[in-house]
Amino acid sequence: MMVHIVYVYGAMKELSQQELLLALKNALDVTWDEVAAHTGIAPRALKSYRLPVSSTGYRGMDKFVRDVAEKALFETKNKHGITA
C-alpha cells in the first residue's frame, strides 16, 4: 500500500481522504467527474468521500478505494515529475 505523507510545518502527516482526493484532482488538473472516470470511482461516491466528517452524507473510503486513489496520485505525480 502506498501512503502519501506530506510535510506540514516540518512534521509528517498522512493525507486525509479529502486531501488525497483534492491532491489527485489538482495533479490531474481535471474536474471531479473526470477524477471519477480516471479512477473508476462512482461520481456520487466520490462526492460523499469529499464531504466533511461532520456531514450526514460523509462516507469513509474503504482500503480498496483509498489504494486506487493513492495509486492514481502516485502515477500522475511520476508521469509529470512532481516530487511533493
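The notes below deal with the structure included here. Since the model is a prediction, treat every value here as computed from it, not as a measurement. Going along each chain's sequence as written, the residues are numbered from 1 onward. Totals for whole chains, interfaces and linings use every residue, but because this is a predicted model, local features are given only for residues with pLDDT of at least 70 and side-chain atom pairs only at 80 or more, for both listing and counting. Working from all heavy atoms in the structure, the side-chain values ignore hydrogens and water.

## Focus: the pattern of salt bridges
Whenever Lys or Arg places a side-chain nitrogen within 4 Å of a carboxyl oxygen from Asp or Glu, that contact is recorded as a salt bridge. Scanning all chains against the criterion turns up 3 salt bridges. Two residues, Lys63 and Asp67, come together in a salt bridge whose shortest N-O distance is 2.8 Å. Residue Lys63 and its partner Asp67 are both found in helix H4 (residues 63-80); the two are separated by 4 residues, about one turn of the helix. Throughout, exposure labels follow a simple rule: accessible area from a 1.4 Å probe, protein chains only, divided by the maximum for the residue type, with under 20% read as buried, over 50% as exposed, and the rest as partly exposed. For Asp67, a relative accessible area of 23% gives the class partly exposed. Between Glu75 and Lys71 there is a salt bridge, and its shortest N-O distance comes to 3.8 Å. With Glu75 and Lys71 both in helix H4 and 4 residues apart, the pair spans about one turn of that helix. In DSSP terms, a helix is any run of H or I states spanning at least four residues, a strand is any run of E spanning at least two, and both are numbered starting from the N terminus.

## Re helix H1 (residues 17-28)
With 12 residues, H1 ought to run about 16 Å at 1.5 Å a step, and its terminal C-alpha atoms sit 16 Å apart, in line with that. Buried within H1 we find Gln17, Leu20, Leu21, Leu24, Ala27 and Leu28. Mapping the buried residues of H1 onto a view down its axis gives an arc of 130°, with all of them on the same face. Looking one or two residues past H1, Asp29 carries a phi angle of roughly 55°, positive in sign. To estimate how far a helix should reach, multiply one less than its number of residues by 1.5 Å. For this quantity, the arc is that covered by the directions from the helix axis to the C-beta atoms.

## A short note on helix H3 (residues 43-50)
All of the buried residues along H3 are Ala45, Leu46, Ser48 and Tyr49. For H3, the arc enclosing every buried residue in end-on projection is 160°, short of the 170-degree limit, so these residues lie on one face. Of the residues in H3, the exposed ones pointing more than 90 degrees away from the buried face are Arg44 and Lys47.

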